[in-house]
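Topology and contacts: notes
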Amino acid sequence: MIQLSNVTKEFDGKRTVRALQGVSLQIRKGEMVSLVGPSGSGKSTLLNLIGTLDKPTSGEITLDGQLLSGLTDDQLTQVRRDKIGFIFQFFNLLPSLSCLENVALPLHLRGWKKAKASERARELLTLVNLDHRIEHLPDELSGGERQRVAIARALSVYPPILLADEPTGNLDTHTGAEILSLVRDLHQRLGATVLMVTHDRSVAESCARTIILRDGQVVEDINREPRL
Amino acid sequence: MMLLRLISWPYVRKHLLRALLTTAGIVLGVAVFVGMHTANQSVLYAFNRTVDRIAGATQLQVTAGEIGFSEDVLERVQAQPDVEVAVPVIEATVQTGIAGQGNLLVLGVDMTGDRSLRDYDLEKADDTIVDDPLVFIAQPDSIIVSRQFTERTGLKLNSKLTMQTMQGPRQFTIRGVMNSEGLASAFGGSLAVMDIYAAQLVFGRGRRFDRIDISLHPGIKVDDARRRLQSALGSGFEVDTPSSRGQQFEAVAQVYSMNATLTSIFALFIGLFLIYNTFSIAVTQRRNEIGILRALGASSGLVKRLFLAESAITGLIGSTIGIGVGILIARGLATYLGTFFAEVYGVGEKAQEVSADPKLLLSALFIGVGTSVVAGWLPARNAARVDPVKALQKGRVQVITEGESRLRRNLALLLLAGAVACATLGHVRIFFYSGYMLNVLAVLLLTPALCIWLGKALRPLLKWLRPVEGALAADSLLQSPRRTSGTVAALSLSVALVVGLGGIAKASYESIRSWMDAALSPDFFITGSETITQRSIRFPEELAGEFRKVPGVEEVQAVRTARILYSGTPVMLVAADLRSLAERVRLQVIEGDGATMYKRAERGEGVVLSDNFALLRKVKTGDVLELPAPDGMVKMPVLGVVLDYSDQNGTILMDRGAYKKYWGDPTVNAFRIYLNAGEDRAAMRQKLLDQFGGRTRLFIMTNAELKQYITNLTDQWFGLTYVQIFVAVLVAILGIVNTLTVSIADRKRELGVLQAVGGLRNQIRQTIWMEAIAIGVLGLAIGFALGAVHLYYILEVTRRDLAGMRLDYRYPFAIAATLIPVILGSALFSAIGPAETAVRGSLVEALEYE
């Protein structure tokens, strides 16, 4: 599903910083993988590259059989539209839009009719147990609820790949556990490939596979029975 | 200072474009102020310099407006004990007919006495002339010119120079060439000197002088001598220093000056909003930074001073650049203005160089910095009030709290109530202008609320157009009323300014057109100069009789126009045959009995005033005017007031009989000629030129040509208005670019999210474009409404204090309609840059942006 071959990412500034060095890995369809490592190890950079938010300096990335190299920005956006759902640490909901509108946003961007997009958004909000908050604005929700809306938005087109950047990082332990449980539940029910960046060891261990990064390189790739 | 370097400078460097756009607001305001006033001052300076150089050692001058006086006045002046030298002078501007040389200022002087006042510094001359002025006088075709003039024209000593005179084209012989310093450099070197008695003849003065130049005995104080001379000559004469002519010129051109001041104030006012807007946003964006500063021990006062210092520096930089740009503008404008003043007011000359008054530049600097500090004061106060604990938390505080909104609304309603109260007392100047200010302030205070209301009304439309992009654009406006309202306020002010200017232009054109149709009924207008405002060459009145004898001519009206001083202000005196005028001209009567006032005026029982004279000088029918004439003040009752736009400073219409009786001046400036019905105008014109052109200098304008000439002058006047409109629109565009640049920075993460969840570049662009158009729509809507109020006030200002013109209120719908595509197009254009910045930036950075 996700394949990286010898991917390197450098940032140019006063001095060049190499965030990823020749990373190669493969994530199969339906896997739930955690990506861990100390700060500055390249976790978020790797997630951004897979999420087509950024382009590698060298190397190749293939998503669902499609090679990303050479794609234009708009073509990359198309890939993101069709194949990827994002869950951010700080939710990144649009404060002026209601929950329903936030979830329907990616659908509108795809040109869906309002009624159809609203129907799908309601369905997703029900899926994340927020059917009673449909018309609320993000500011009126708790942190956990906001993350649920963000998850619903990430699932809006039922993407085959779900990328989560510290999805519980901005939540208390109890809410974080709830969100993780929800992600796992959705992964099992919808069969999406999940790649989650986390600092939290328990969150990492809840995934069947954990990739550890250090200094921009994969130093360990652990397969285990997930600890629920 | 250290904080400015550590805290402010990095922020400015990071937001360089925004800083530049903010500074541009002040640059533009100051540049308009400096440009328009410096150009004005340069023309005045050139005029004064010419006056000064011509004056030579003259300490006092005796004049009687433009009318002049009889020769015997010279003896009375010379008899005064204070007077050492008193010499008569005639000044006339003539055309030489030499291509590219324009006009020549001819000074008619008495060569026997004049050289004790003026140094001719003759470099080459026929010795006999230098030694004996009587030889010069004995040869009435003698003329002295400047070296500059000979160099420009290729003429030399004893060359013949043809000049257009009252006696037709006359040849003069150059019998002296002045060195290019002092007197010779006056009027850009286009100066000639001739004998005064020859000048009387060729310029139609009869036995009259234009003025007497005086030098006093050593040790006598000028002020004392002036008082004694004034008392000896009587109130019909003006005794003043040569420099007072500059003051009179200033008074004549005051309408332009006030207009320039008003435009500058408006431009700076708009700039003030741009700065306020940018600093408000900066405070919001730098809350975190302010929180850190406070946490580290900075007092709220220090934070406030930091922001005030930033605004002062912005003002200082903007003003400095603005002064430079203003001087550049003045360079271009001064030449145009010199010609324009000469055509409209009959005085003034091209400024050879721009003279920037240090006082004006210093004022500009203070105004620019002051405006900036005033604009930055509220944001600075808000910065000082930032709660350090809250500031260190993530999140934004762009929204205006309900409490603040209510306060603004209530204050605005209070101001509106005040404005209404002032309107009822509008006849008192202070209440009138207070009402105007209160109205503008009320609308500006209401702008955030209006933005929210209008934004909400606009949202469904935008959403209907583009469900996502439209909704996001509208929400961006609604979410940040503070960011939006500053720009909308600046835009509204610009639109209101344009509506006001457009409205006044429309009303002026309509009024002038209707006045021309009523007043300018003759078939031909005959003048001694190609510009009707040039009155230095005059006809003998006998010419009227000769014109009457020409077959085909039905009626001839002789008119003498001259500027005289009324209560210290130059106004226009029009002396004409009122019986004939009353029969032919149907001027709208504002006051008085239209049936009898002309008859009474014809009998010399009084005068008829133009409406603008009555309004500006606060005179009404029944009042008695005291007019300066050679034998003392002439008391003339006001018999009526008519609508007449002959002169911006107002006209006094008097019968020629009364004029000749009191001023003893039989000369004529212009003839109004009516032809018999069915006469071929072109043939008649040619016939008159053939018959009279050889022996007198005359220009014949047809009715249509004169109307076109006046329309062209009006066009020139409003040419300046179009510059103002351009400035207003430019400031509006700056405001939109500024807001959008800020908006993009502010919404970086939001736009990043939009792209992260699948928004294509075009969709992001469209969101920003729609936001820009929405800002344009809000600005237009509020601006059109504010413009309606502004137009009412500006018409009133024009009527009461500027030109005394009673203009009808007509909303300029055509201009408003033109503004819609201009502003919306500009908004869209302004959005291109920010939109590209938004779609080309790093997505990862955008998502991490806080």
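Here the structure is a predicted model, which is why all the values come from computation and not from measurement. (Residues numbered from 1 in each chain as written. Chains lettered and ligands numbered in written order. Predicted model: local features only at pLDDT ≥ 70, side-chain atom pairs only at ≥ 80, totals over all residues.)

A word on the overall build of chain A
Within chain A, the secondary structure is distributed over 7 helices and 10 strands. In terms of overall size, chain A behaves like a compact globule, its C-alpha atoms giving a radius of gyration of 17 Å where 228 residues would be expected to give roughly 17 Å. By its C-alpha atoms, chain A is 45 × 40 × 35 Å across when sized along the principal axes. Residue burial in chain A is summarised as follows: out of 228 residues, 47% are buried. (Helix = DSSP H or I, 4+ residues; strand = E, 2+ residues; numbered from the N terminus. Rg over C-alpha atoms; globule rule 2.2 N^0.38 Å. Buried ≥ 20, exposed ≤ 12 C-beta atoms within 10 Å, placed from the backbone.)

Structural notes on the overall build of chain B
A tally of regular secondary structure across chain B gives 30 helices and 22 strands. Taking all contacts inside chain B whose residues are at least 6 apart in sequence as the whole, residues at least 24 apart take part in 84%. (Contact = placed C-beta atoms within 7 Å.)

A short note on the domain arrangement of chain B
All names here are of chain B. Looking at chain B, the domain boundaries give domain 1 (1–53 + 252–397), domain 2 (59–241), domain 3 (440–520 + 714–850) and domain 4 (538–696). Look at where the C-alpha atoms of domain 2 and domain 4 centre, and you get two points 29 Å apart. Considering only residue class, the side of domain 2 that touches domain 4 consists of 4 nonpolar, 10 polar and 4 charged. (Domains from an automatic or database assignment. Nonpolar A, V, L, I, M, F, W, Y, C, P; charged D, E, K, R; others polar.)

Some points on the interface of chain A and chain B
Between chain A and chain B, the residue contacts involve 21 residues of the former and 19 residues of the latter. Counting only elements with at least two residues in the side of chain A that touches chain B, the list comes to helix 2 (73–83) and helix 3 (99–109) of chain A. For the side of chain A that touches chain B, the element with the most residues is helix 2 of chain A, which contributes 5 residues. Per-class residue counts for the side of chain A that touches chain B are 8 nonpolar, 5 polar and 8 charged.

Quick notes on helix 28 (residues 761–802) of chain B
Spanning 42 residues, helix 28 of chain B covers only 53 Å between terminal C-alpha atoms, well under the ideal 62 Å at 1.5 Å per step. Just downstream of helix 28 of chain B lies Gly804 of chain B, where phi reads positive at about 65°. (Expected span 1.5 Å × (residues − 1).)

Let's talk about the sheet that holds strand 6 (residues 84–87) of chain A
Residue and element names in this part refer to chain A. Here 6 strands make up an open sheet; going across it, the order is 6-7-8-3-9-10 and the pairing mixed. Only two strands of the sheet have a single neighbouring strand rather than two, namely strand 6 and strand 10 (217–223). In this sheet, neighbouring strand axes are inclined to one another by 20° on average, regardless of whether the strands run parallel or antiparallel. When strand 3 (residues 32–36) meets strand 9 (residues 209–214), the two strands line up parallel, connected through 4 bridges. Across the sheet, Val33 pairs through a bridge with Arg209, a residue of strand 9. (Pairing = 2+ DSSP bridges. Axes fitted to C-alpha atoms, helices over the stretch in contact; angles between N-to-C directions.)

Quick word on the nonpolar core
Counting 322 residues, the largest nonpolar core has Leu35 of chain A together with Val607, Ile652, Met654 and Ala774 of chain B as the members making the most contacts within it. Here the element with the most residues in this core is helix 2 (residues 16–55) of chain B; it accounts for 20 residues. Those residues in contact with Leu35 of chain A that lie beyond four places of it in its chain are Lys43, Leu46, Leu47, Leu195, Met196, Val197, Ile211 and Leu213 of chain A. (Core = buried A, V, L, I, M, F, W, Y, C linked by C-beta atoms within 7 Å.)

Regarding the environment of Ala152 of chain A
Relative to the helices and strands, Ala152 of chain A is located in helix 5 (residues 143–154). In contact with Ala152 of chain A, not counting residues within four places along its chain, are Val103, Leu124, Leu125, Leu127, Val128 and Leu130 of chain A.

Notes on the packing of helix 18 (residues 467–479) of chain B against helix 28 of chain B
All names here are of chain B. Where helix 18 meets helix 28, the closest approach of the two axes is 8 Å, and the angle between their N-to-C directions is 45°. With respect to each other, helix 18 and helix 28 are oriented oblique. Taken as a pair, helix 18 and helix 28 cross one another with a handedness that is right-handed. For the pair formed by helix 18 and helix 28, the contact residues are Val468, Glu469, Gly470, Leu472, Ala473, Ala474, Ser476 and Leu477 on the first element and Gln763, Gln766, Thr767, Met770, Glu771, Ala774 and Ile775 on the second. Taken together, the residues of the contact of helix 18 with helix 28 sort by class into 8 nonpolar, 5 polar and 2 charged. (Parallel < 35°, antiparallel > 145°, perpendicular 65-115°, else oblique. Left-handed = near helix turned anticlockwise from the far one by under 90°.)

Comments concerning the pairing of strand 21 (residues 670–675) of chain B
All names here are of chain B. Sheet topology places strand 13 (residues 524–527) next to strand 21; 4 bridges connect them, and they run antiparallel. Bridge pairing in strand 21 links Phe524 to Ile673. Of the pairings in the sheet, the one linking strand 14 (residues 553–566) to strand 21 comprises 6 bridges and is antiparallel in character. Note on strand 21: the bridge partner recorded for Val553 is Leu675.

Observations concerning the sheet that holds strand 5 (residues 66–67) of chain A
Residues and elements named next belong to chain A. Reading across the sheet, the 4 strands line up as 2-1-4-5 and stay open at both edges, with antiparallel pairing between neighbours. Two strands bound the open sheet, and with one partner strand each, they are strand 2 (17–27) and strand 5. Sheet topology note: the strand 1 (residues 2–11)/strand 2 ladder contains 7 bridges and is antiparallel. The residue bridging Ile2 from the neighbouring strand is Ile27, located in strand 2.

Focus: the environment of Ala24 of chain B
All names here are of chain B. Within the secondary structure, Ala24 is located in helix 2. Note on Ala24: 22 C-beta atoms within 10 Å, which makes it buried. In this structure, the C-alpha to C-alpha distance between Ala24 and Gly318, residues 294 residues apart in sequence, is 6.6 Å.

A closer look at the packing of helix 2 of chain B against helix 14 (residues 358–384) of chain B
When two helices pack together, their arrangement is given by the angle between their axes and by how far apart the axes lie. Residue and element names in this part refer to chain B. Running from N to C, helix 2 and helix 14 cross one another at 160°; their axes reach a closest spacing of 10 Å. Looking at the two axes, helix 2 sits roughly antiparallel to helix 14. Judged by the twist between their axes, the crossing of helix 2 over helix 14 is right-handed. Listed contacts from helix 14 to Ile26, Gly29, Val30, Phe33, Val34, His37, Thr38 and Gln41 of helix 2 are Leu360, Leu361, Ala364, Ile367, Gly368, Thr371 and Ser372. Residue classes in the contact of helix 2 with helix 14 are distributed as 8 nonpolar, 7 polar and no charged.

Remarks on helix 1 (residues 43–50) of chain A
Residues and elements named next belong to chain A. Counting buried residues in helix 1 gives 8 out of 8 residues, a clear majority hidden from the surface. Lys43, Ser44, Thr45, Leu46, Leu47, Asn48, Leu49 and Ile50 are the residues of helix 1 that are buried. A positive phi of about 60° marks Thr52, the residue just after helix 1.

Considering unusual backbone geometry
Residue and element names in this part refer to chain A. In this structure, Thr52 takes a positive phi of about 60° despite not being glycine. With respect to the helices and strands, Thr52 occurs in the loop between helix 1 and strand 4 (58–63). Under the C-beta neighbour-count criterion, Thr52 is labelled buried, with 24 such atoms within 10 Å. Positioned with a positive phi, Tyr158 is a non-glycine residue whose angle comes to about 50°. Its location among the elements puts Tyr158 in the loop between helix 5 and strand 7 (161–165). The partly exposed category is assigned to Tyr158, around which 13 C-beta atoms lie within 10 Å.

Quick notes on the confidence of the model for chain B
All names here are of chain B. Averaged over all residues, the pLDDT of chain B equals 81, while 91% of them reach at least 70. Low confidence marks residues 394–400, where pLDDT is under 50. Its contacts with residues over four positions away, or in another chain, come to 14 contacts. Per the prediction output, this complex has pTM 0.71; the corresponding ipTM is 0.74. (pLDDT = per-residue confidence, 0-100.)

Considering the pairing of strand 3 of chain A
Residue and element names in this part refer to chain A. Counting buried positions over the 5 residues of strand 3 gives 5, a clear majority of the element. The alternating pattern of strand 3 places Met32, Ser34 and Val36 on one face and Val33 and Leu35 on the opposite face, and all of these are buried. One ladder, built from 4 bridges, connects strand 3 with strand 8 (residues 193–197); its direction is parallel. Bridge pairing in strand 8 places Val33 opposite Leu195.

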